[in-house]
Amino acid sequence: MLLAILFALHQSARDTVVVPNTVTIPRVEATVTLDGRLDEPVWRQAAVLDGFHQYQPVDSRPAEERTEVRIWYAPNAIYFGITAWDQAGGIRATVADRDNLDTDDRVTIYLDTFNDRRRAFFFTVNPLGVQEDGVRSEGGFTAGSLQGGTTDKSPDYLWQSRGQVTDSGYVVEIRIPFKSLRYPGNGAQTWGLNVARVVQRTGYQDTWTDTRRANASFLLQAGSANGLHDLERGITTELQPFVTAQANGIRTSTGGFERENLDPSAGANLRLGLASNLSLDATWNPDFSQIESDASLVTVNERFALFFPEKRPFFLEGIELFATPNQLVYTRQIVNPIAGGKVTAKFGGYNLANLVALDEAPGANAFFTVTRVRRDIGANSTAGLTVTTRDQRGGFNRLVAGDARFVFGKLYYVAGQLGESWTQGNTGGSTRSSPLWEAEFDRTGRSWGFNYKLTGIGEDFEAQSGFVPRNDIVQAHAFNRLSFYGGRGALVEQFTMFAGPTRLWRYQDFIRDALEGSESIDLQLTLRGGWRATGHAEHDLTDLRPEDYANYTVDRGAGPVAYRPLSSVDDGFATSFGVTTPTWQSANATGQIARDRGVIFPEGSLGYETRLTGSLALRPTSSIRLTASQTYSRITRGRDGSEFARTIIPRLKLEYQPSRSLFFRVVGEYVAERRAPLFDARTGDPLLVDGAVVGYSESDRLRVDWLASFEPTPGTVAFFGYGSSLDDTSAFKFHSMQRASDGFFVKLAYQLRR
């Protein structure tokens, strides 16, 4: 560790400090027609951003393609005019759904309205003016990656954009009302500003400022925008009444099919922007139904809960303000809320976010409170406090945790977290409590970086408002990264290697015998033309404890006796290789193959897994997108080579978008899963769990979701959907499928804003 620190300090002296760009934005009392043409006289008065630099895959080079951005503002809105030059026929653009521009050429504007270099609104457009927006935040705890911070596309802001493809590239006009932004008061202001452009034909990303990879912060390297004053925003009121209706059906045990009566429901969301830095949100009888089901994952050999992202609108607004290390806030724990309220604010260097919700739960309703306060320190450092509670019929869960992240020398940060939880069951009894703590040290250098982290979670630690799937552990990793960059026009543009060990102990056995551990190496290769390849190799160990199989017995003919799994698997080995194609005009694809020698956890035995994953995206026209993906997993036993489990998950998504506001989608997913009976790892005798034999199991199910949506502006929507699950008698037969469940869904909402 000491050697790493000394070498890091030596390397830091070689990193060049870049002075960010500064621009003064003119104030003009004018309006323009957004049509993708910069032909009005006001555009000649605008400030001009040009001289872009390449950021990926190799930073600090002049951009290959020219980009020019013009900026001016009126009292109530800020305007951007983008001209992006490129080869004729080289533009990638579709009439995509909002926030779905990953395969399109695009330009992103970052507005750090509080100029704190920690959080920025971003507004992205493709060449046709299709929109993507959200919030970029620093301090994303990204384990030594080349790109720190997190990007959240969940929020949808009201702004206007129009674009057109030209013979020499494309042009886009943007208008962002000040009502859609938060900023500090009404006096003279300086905002952080950067612009990034992605060119899919080459796979390059350019930025307006000379943004360096050797930096712990992307936003810290943004430029500055001056000249803003007397912005007209007023009190913003957004009221969204909505009506939903659904009718679900299910197959009964007798073979019939029962459908519930149509269940209409009304509710409303209210948002008050009381000032440019303070907002109140409230919801009553909220509609939190999802318009697309979660993609299925392979779970047959998983021991802990899997994470699924939040998709519900009320929780998504300002969700980045609740972000903490170790995911202490996870709003999907609020399953069926009756009502909720939220306050978000920024006062000077303080950020405040508070959420309350009443959740309908079996037996008794549960009341949640979540509070997150963060203090900005210095140029890019932060300290925060998180407090959560969940109360239900006399039982409770309380959690308090503080965290801090200190950035120094531009390349380094140290971070830590310390917390405690207190839990009491609904039936009373004693209160259980345990601590949580974490320490992290990171260097994000251009050629060399590292991330060293140690996390401890006590035996009785619970985060019932968060996502902490495993407690009673101490885990550590020491990842190191080396990156090499090719010259201009080279075949290999970037080569990056991550390597290091990980270890996991029981909390009380820290430093003694490790439960799990690995030594791994990851390789990432970026080639000319946008090709990418990845490789992974890992040696791992797993210590299996008999107490984890206390409810297992084995019957060898003389009655059941306690089962003893293998004591350990210390020669596990995993490899994988993946390829990603460039984003061509009408297609792109990814593929990966993996082979793993490790533990079959349900049996406590040695096994081998072969996993194949791949996806293919087709864009035959600018309005049609077809995405096909496939996951195949097969696990065999090390004892005799017999099959333990097999999972196949093909998934197909078809999207048709004839206009920016009208959207049609159908998603089909088939999950074919089978698992053999459980056997003794040594003798092959049948295993009993809680006294019962665990026999052969098979599940073959097709899920189809249909959706038609009309969304002329964010918040004003009409959704019409239908989903159906069908059981197959055996995998991929299709001739005797039976409908297991289905559901119709309708939502009509209208957003009033003033």
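The coordinates are above.
Everything numeric in this text was worked out from a predicted model, so none of it was measured.

Q: Go over the environment of alanine 214 with me, naming the residues and quoting the values.
A: Looking at the secondary structure, you find alanine 214 in the loop between strand E14 (204-207) and strand E15 (223-228). Considering only alpha carbons, one finds alanine 214 and serine 447, 233 residues apart in sequence, at a separation of 7.8 Å.

Q: Go over the nonpolar core, please, and point to the residues and values.
A: Among the nonpolar cores identified, the biggest contains 37 residues, and Phe80, Leu111, Ile174, Ile176, Leu181 and Leu193 are the most heavily contacted of them. For this core, the secondary structure elements donating two or more residues are strand E2 (47-49), strand E5 (67-74), strand E6 (77-85), strand E7 (106-112), strand E8 (119-125), strand E12 (169-177), strand E13 (189-199) and E15. For leucine 111, the residues in contact, after removing those within four places along its chain, are Phe80, Ala120, Phe121, Phe123, Ile176, Leu181, Trp191, Gly192 and Leu193. One finds Leu566, Val569, Leu678 and Ala681 within the second-largest nonpolar core, a separate group that totals 17 residues.

Q: Before we move on, can you summarise the pairing of E13 with the specific residues and values?
A: Across the eleven residues of E13, ten count as buried, placing the element largely inside the fold. Bridge count between E13 and E15: four bridges; the pairing is antiparallel. Bridge pairing in E15 links tryptophan 191 to alanine 225. Relative to E14, E13 is paired through four bridges, and the arrangement is antiparallel. Residue pairing for E14: arginine 197 is matched across the bridge by aspartate 206. Hairpin remark: E13 followed by E14, antiparallel, with four residues in the connecting loop; positive phi at glycine 203, about 80 degrees.

Q: Any chance you could break down the environment of phenylalanine 80 for me, citing the residues and the numbers?
A: Along the chain, phenylalanine 80 turns up in strand E6. Classification of phenylalanine 80 by relative accessible area gives buried; the value is 1%. For the pair phenylalanine 80 and valine 48, spaced 32 residues apart in sequence, the C-alpha separation works out to 9.8 Å. Leave out the neighbours within four places in its chain, and phenylalanine 80 touches Trp43, Val69, Arg70, Ile71, Ile109, Leu111, Val172, Glu173, Ile174, Ile176 and Leu193.

Q: Describe a nonpolar patch on the surface, naming the residues involved and giving the relevant values.
A: Nonpolar side chains collect at one region of the surface, where Trp531, Phe577, Val579, Trp584, Ile593 and Leu612 lie side by side and expose about 540 Å² of accessible area between them. In this structure, phenylalanine 577 sits in strand E34 (residues 568-580). The class for phenylalanine 577 is partly exposed, based on a relative accessible area of 45%.

Q: Give a detailed account of the pairing of strand E21 (residues 350-359), specifying residues and quantitative values.
A: Residues of E21 alternate between two faces, with Asn351, Ala353, Leu355, Ala357 and Asp359 buried on one and Tyr350, Leu352, Asn354, Val356 and Leu358 left unburied on the opposite face. Where strand E20 (residues 337-347) folds back onto E21 in an antiparallel hairpin, the turn is made up of two residues, including glycine 348, whose phi is positive at roughly 60 degrees. In this sheet, strand E22 (residues 366-377) lies alongside E21 in antiparallel orientation, the contact comprising ten bridges. Bridged to asparagine 351 within E22 is arginine 374. Hairpin connection from E21 to E22: six residues lie between these consecutive antiparallel strands, with glycine 363 at a positive phi of about 90 degrees.

Q: Help me get a handle on unusual backbone geometry, residues and values and all.
A: Each neighbour pair has its own omega, and for glutamine 56 with proline 57 the value is 0 degrees, a cis peptide bond. Relative to the elements of secondary structure, proline 57 occurs in the loop between strand E3 (53-56) and strand E4 (61-62). In this structure, asparagine 326 takes a positive phi of about 65 degrees despite not being glycine. Within the fold, asparagine 326 resides in the loop between helix H2 (313-316) and E20. One non-glycine residue, aspartate 690, lies in positive phi territory at about 55 degrees. With respect to the element layout, aspartate 690 can be found in the loop between strand E40 (687-689) and strand E41 (692-693). Its relative accessible area of 62% is what places aspartate 690 among the exposed residues.

Q: Talk me through the environment of glutamate 603; I want residue IDs and the actual numbers.
A: Along the chain, glutamate 603 falls in the loop between strand E35 (587-600) and strand E36 (605-621). In sequence terms glutamate 603 and arginine 637 are 34 residues apart; their C-alpha atoms lie 9.8 Å from each other. In this structure, glutamate 603 is in contact with Tyr549, Tyr563, Arg637, Phe644, Pro677, Leu678, Phe679, Ala681 and Leu687, ignoring residues within four places of it in sequence.

Q: Let's hear about the sheet that holds E41: which residues, and what values?
A: One open sheet holds the four strands; their spatial order is E33-E32-E40-E41, and the pairing between them is antiparallel. Two strands bound the open sheet, and with one partner strand each, they are strand E33 (560-562) and E41. Pairing geometry for strand E32 (residues 552-555) and E33, over three bridges, is antiparallel. Counted as the bridge partner of aspartate 555 is proline 560 from E33.

Q: Pulling in residues and values, what's your account of the packing of aromatic side chains?
A: Applying the stated criterion across every chain yields a total of 31 aromatic pairs. Residues phenylalanine 121 and tyrosine 157 carry aromatic rings whose centres are separated by 5.4 Å and whose planes lie at 80 degrees to one another, so their mutual orientation is edge-to-face. With phenylalanine 121 in strand E8 and tyrosine 157 in the loop between strand E10 (150-152) and strand E11 (160-166), the pair connects residues that are 36 residues apart, well separated along the chain. Accessibility classification places phenylalanine 121 together with tyrosine 157 in one group, the buried group. Relative to tyrosine 563, the ring of tyrosine 549 has its centre 6.4 Å away and its plane inclined at 75 degrees; by these criteria the two rings are edge-to-face. With tyrosine 549 in the loop between strand E31 (532-543) and E32 and tyrosine 563 in the loop between E33 and E34, the pair connects residues that are 14 residues apart, well separated along the chain. A relative accessible area of 4% places tyrosine 563 in the buried class.

About the criteria used
- Residues numbered from 1 in each chain as written.
- Predicted model: local features only at pLDDT ≥ 70, side-chain atom pairs only at ≥ 80, totals over all residues.
- Heavy atoms only, no water.
- Helix = DSSP H or I, 4+ residues; strand = E, 2+ residues; numbered from the N terminus.
- Core = buried A, V, L, I, M, F, W, Y, C linked by side-chain atoms within 4.5 Å.
- Buried < 20%, exposed > 50% of the residue type's maximum accessible area, 1.4 Å probe, protein only.
- Contact = heavy atoms within 4.5 Å.
- Pairing = 2+ DSSP bridges.
- Patch = residues over 30% accessible without salt bridge, like charges linked within 9 Å, V, L, I, M, F, W, Y side chains within 5 Å.
- Areas by Shrake-Rupley, 256 points an atom, 1.4 Å probe, with all protein chains shown as cover.
- Salt bridge = Lys/Arg side-chain N within 4 Å of Asp/Glu carboxyl O.
- Phe/Tyr/Trp six-rings, centres within 6.5 Å; stacked < 30°, edge-to-face > 60°.

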